[in-house]
Structures are given as C-alpha cells and as structure tokens.
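Chain by chain, the residues:
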Amino acid sequence: MKQIINGADLRRLIISAAASIEINKQKLNELNVFPVPDGDTGTNMSMTINAAASDLRKTEDPSLDKVASVAASAMLRGARGNSGVILSLLFRGISKKLKGADHCDGVLWADALQEGVDAAYKAVMKPAEGTILTVARLAAAKARQAAQENNHIEFVHQAAIEEAKVALANTTNMNPVLKKAGVVDAGGKGWLLALEAMDAALRGEDVIAPEGGVADAKEQADFSDFDTEDITFTYCTEFIISRENQDDPDKLREFLSSIGDSLVVVDDEEIIKVHVHTNDPGKALHEAMDYGSFVTVKIENMRLQHTEKVMSEKELAPKIAEPEKPVGVVTVCAGAGLAEVFSNLGVDGVISGGQTMNPSTQDILEVVNTVPAETVFVLPNNKNIIMAAEQVNALTPKNVIVIPSKTVPQGVTAMLSFNTEGSVEENTEAMNEVLGTVDTMQITYAARNSDFDGHDIHEGDYLAIYGSALFGTSRDIKVLLRALAEKVRDTGKEFITIYYGQDIQEKHAKKAADLFRQICPNADVNLICGGQPVYYYLISAE
C-alpha cells in the first residue's frame, strides 16, 4: 500500500482522472435530467480537467508543488459550466494545501481534499445538497477520519472513495428531481470517477484514454493532420452519431460544407462520424440530429488553442488593454442578431457562446482583457456560465464585476440600465436591480425522452420554458406560442420583444409576432432576428 506520493505521482493521478472522465463523459451527460439541449456535465468536466492533463504532460521537473499549481491554474482557465468550475475549485483547494510540500502522505491528502471542498463551497452562493459538493464534502470528511487511523495515502484515498460511493447513491434521495428520474447526480458521479481513477494510478493501473478520444475503434479516420495555422473558422467540431435511419449522409455533408471547411464525413450502417471546422457548432449539431443520437461530441476553440501555443512558445504575456475609460461591458451570446443588439446597446465585447457552448473562464478572460476600461462588467446570460465568469477577476488586473444575468433578455435589460457616465457602484446596483423586472420565455426542443415536472416529454418535442420552469411541451410550436402569449397577457406586461432563431424563417416569425399582438393588444410587440442556435424563440416581457 502506497504511503506517500511525489510530484510525478500526482501528475499521473490527475491524468488518470482526466482519462476516466473523458471515457465516461457521455454516460455523465445522460444523467442530466432536464431534457433541453445544454452544456452537459460530462462534457464540461472533461474539457475542464483535460486542460490540466494537457499542461501536465508538458510539465518538466514535476515537483509536487508545481504539479498541483499547474493543474489548478489550467483548470481554472479551462473551467466550463458550473460542474467544471466546481471541479476546478476542488483542485484549487488541493493545490493550496500542497503548496511548498515535496511529498504528500495520508494526513496531508485528507487536508487537501478538505481544502478543495472549502474552496468550492465558498464559491457557491446557495450550495444545494445532493450534488457534487455533497459527495466531495462527505468523502473529504471520511478521509480525515481515516488519516487518524492510518497515514498511508492509499488507505486514506480508498476511504474517501467508499464514502463517496455512499454519498453519490444518496443524492437520488436528496434531490426530488433526481429521485423521480431514478438517477444520481452527474457532477457527483464525475468526482467519484476522478477519485477512482486516482486510486487506480496509485496502484499502478493508470486509466488511459483511447488515442483520439473514445470514438468507435472500428473507425480509423485520422483527423490529426489538419492544419490549424490558418484559421478561417473558430471551432473544430467532431462527433459520432448512432444511425437511426437510412437518410443519405450526403445531405449532411452538403450542409456542413456550407457552414465550414476541413470537412470529413465517414459513415457505415451503424454510425456517422464527422469532423468540421465551423463558426457555428450548434448549427452543425442540430442538423446532424436528424440522423440519430449522438455517441460522442467534441468542440474545441482552435483560435484559443493556437493563441495559447504561440504564447507558450514565445513566452508572451497576455495583452491587456490600457484603461481609457472607467467602465465597460462584455456579454455572452450566440447569434449574429443578438450580438448586434448588444453592440448597439454599447457593449465593448461579445463572447460567442451560450447553451450547449459554455465558454471557459479563459475565453471570457481574453475578451475582458481587450476592453480599455478599469472596471469591466460581465453579462453571462446563462446560469451555467455565471460561475466561470466569476473566476475571471482573479486572473486580470482589471476589476471584473459579474452581473448574474441568466438569460439574454435579462442581459439586454441590464444594458438598458447601464450608464457610461455612472460610477461602478451605481451601475452595479442598477443592472442587478432590473434583472427581476423582465420575464424570459424560451422555446427549444427536447434533447431526450423524459418525465419531468409532470410532463411526459419525447425527444424532438417543442419545449416552452417560462423563467426557469418548464411551461409546456407540444409537437406544435403554435400551441406553445399561443399559451405563452396568454400568460403574458394575464401578467399585464407592456413591452414584448421576440428574438427568433436561425432555424425560424422570417415569415413564420412575423406570424408569431402577430399572434402576440392579437392576444396582447395593450402591449408593444417588437420582432428581432436574433439568429441564435438551439432556441427557436427567445421572448422577453416587461
């Protein structure tokens, strides 16, 4: 039984954990209960921890202190979604406790696990039970008890795993939504996978991710030779679809070639494998859904990767714009129309992303650093991006203030209250205050079958969301539009803005607007082409 670990050992542990989460990310994604297409837990956790694994493979002189520091920094910058941010915070706490140490025994490891839990809980405003936080907390507490009995790190770590298994199983009972669905918490499962993979590495049985990811082994298409030096399109998008019909993939190939380049489509009777460089991965994924269910999905920001490579090779510091004004704003959204709306309202930078495409902390940081202002406000416009945005302040000399907008309409309303001549305090108060004055409605599609909140949902159904709650489901989008309009009428809202997405024709959007005008005759109804993916309609009512 291993007594202590050094830096080389810790590097192996983290790389092993990253491999396990990568292998199992689709299983973690499938644990997500809410059926809307989103930035799934497995994908976000995998992208976060693999940012660390990538940097660790290049780390020379892997002292314990250095390995912990490199991993924490890489995960902080690469963190995506709430689950990814919490994972990064767990490792940030571990790094803090291991600082200055050249080896780690059971007692120090237990204390490091607890430090990670403390860091994660501090960052979450309202920690909920039955989540990754619960699993990590109980596992760390058990580790500290075990360390008093036996100071061998392997003994302590295995005690943490056993408690994590019990805690994970109990998440089903702690969360009514999980209980109804009969599943455990996806983030908690991810943390258990990481702990188990670390244990395997302690025993010399490191988990190794298949080269090129977890694609079907019978597929031999090699995507490694694509040149990313001359980057025309931002996102390298790869996915495999399990074929559920015999539709001709040439139609998919033709569509993808119209929105990107470096296209490879390989198919047989069972799967379709795709590689494409595009500026709109959401559009590519949505089109591909007609052929079957996703087996794997991988989206990488090639501009970011190339920039990091060049900066690393030339040892350049990131460029940070000198302040020319007291305050500025950056926002997150997807869709040219929405980006134009925010630009017209005076934002300094737009970060491409949103539902299904959660930007990382590094993505947000880079745009914040380009704003020539002393204080930069960030509008995440998605609840799964808020935590990633909140990590930026520690990475830049600029003062970063996150306005916790959960939807694009909230972000637009916040910008309407932004005053370039106002103080930081005045703008912070005004922008936060108006978030609750706008009702947000969204119409999207069901990404999976689900029995959720009293609704029997089938994959492909239209879904209407009012605020944060599921409002209705139907095979007819007009039914949902009418129901939402009647809801708005009953609430007495006076200003309605309808943003229609990239998959809605203008003539159909005009009919939707006319429907709202008919049902809400006392309201001012505006129609704007948002061009957003995933959501057919985003509707705000004030």
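Here's a quick rundown of the structure. (Residues numbered from 1 in each chain as written. Predicted model: local features only at pLDDT ≥ 70, side-chain atom pairs only at ≥ 80, totals over all residues. Heavy atoms only, no water.)

## Looking at helix H1 (residues 7-29)
Move 1: Its 23 residues give H1 an end-to-end C-alpha distance of 32 Å, which sits within 8% of 33 Å, the value for a rise of 1.5 Å per residue.
Move 2: At Ile 23, H1 is deflected by roughly 50 degrees, the largest bend along its length.
Move 3: In terms of residue burial, H1 counts as a mostly covered element, since 17 of its 23 residues are buried.
Move 4: By the N-cap criterion, in which a side-chain oxygen at the helix start approaches the backbone nitrogen of a residue two or three places on, H1 is capped by Asn 6, the distance to Ala 8 being 3.1 Å. (Helix = DSSP H or I, 4+ residues; strand = E, 2+ residues; numbered from the N terminus. Expected span 1.5 Å × (residues − 1). Bend = angle between axes of the 7 residues up to and from the residue. Buried < 20%, exposed > 50% of the residue type's maximum accessible area, 1.4 Å probe, protein only. Polar contact = N/O pair within 3.5 Å; in protein donor to acceptor, adjacent residues only side chain to side chain.)

## Some points on the sheet that holds strand S16 (residues 537-541)
Move 1: Ordered in space as S13-S12-S9-S16-S14-S15, the six strands form an open sheet in which the pairing is mixed. Each of the sheet's edge strands pairs with one partner strand only, and the pair in question is strand S13 (469-474) and strand S15 (524-529). Averaged over all adjacent pairs, the angle separating strand axes in this sheet is 15 degrees, with direction ignored.
Move 2: The sheet contact formed by strand S14 (residues 495-500) and S15 spans six bridges and is parallel. Bridge pairing in S15 links Phe 495 to Asp 524.
Move 3: With respect to the sheet, helix H13 (residues 336-344) is in contact with S14, S15 and S16, its orientation differing from that of S15 by roughly 120 degrees.
Move 4: The strands touched by helix H18 (residues 477-491) within the sheet are strand S9 (439-445), strand S12 (462-466), S13, S14 and S16, with S12 carrying the most contacts at an inclination of about 15 degrees. (Pairing = 2+ DSSP bridges. Axes fitted to C-alpha atoms, helices over the stretch in contact; angles between N-to-C directions. Contact = heavy atoms within 4.5 Å.)

## Observations concerning the pairing of strand S5 (residues 325-333)
Move 1: Among the nine residues of S5, seven are classified as buried, and the element is accordingly described as predominantly covered.
Move 2: As judged from the four bridges shared by S5 and strand S6 (residues 349-352), these two strands associate in the parallel manner. By the bridge assignment for S6, Val 332 is matched with Ile 351.
Move 3: At this point the chain moves from S5, through H13, to the parallel S6, and the crossover so formed is right-handed. (Right-handed = clockwise from strand over helix to strand, strands pointing away.)

## Concerning the pairing of S12
Move 1: Within S12, four of the five residues are buried, which leaves the element mostly enclosed by the surrounding structure.
Move 2: The sheet contact formed by S9 and S12 spans five bridges and is antiparallel. Residue pairing for S12: Ile 443 is matched across the bridge by Ala 464.
Move 3: Here S12 runs beside S13; their pairing, made up of five bridges, is antiparallel.

## Focus: the pattern of salt bridges
Move 1: What the rule picks out here adds up to 20 salt bridges.
Move 2: Here Glu 115 and Lys 96 are joined by a salt bridge, their closest N and O atoms 3.7 Å apart. Here Lys 96 lies in helix H4 (residues 81-98) and Glu 115 lies in helix H5 (residues 106-123), a separation of 19 residues in the sequence.
Move 3: Classification of Lys 96 by relative accessible area gives exposed; the value is 59%.
Move 4: Note that Asp 199 is salt-bridged to Arg 203, the shortest N-O span being 3.1 Å.
Move 5: Take Arg 203: its relative accessible area is 38%, and that puts it in the partly exposed class. (Salt bridge = Lys/Arg side-chain N within 4 Å of Asp/Glu carboxyl O.)

Honestly, that's just the spatial picture; any functional story needs more than this.
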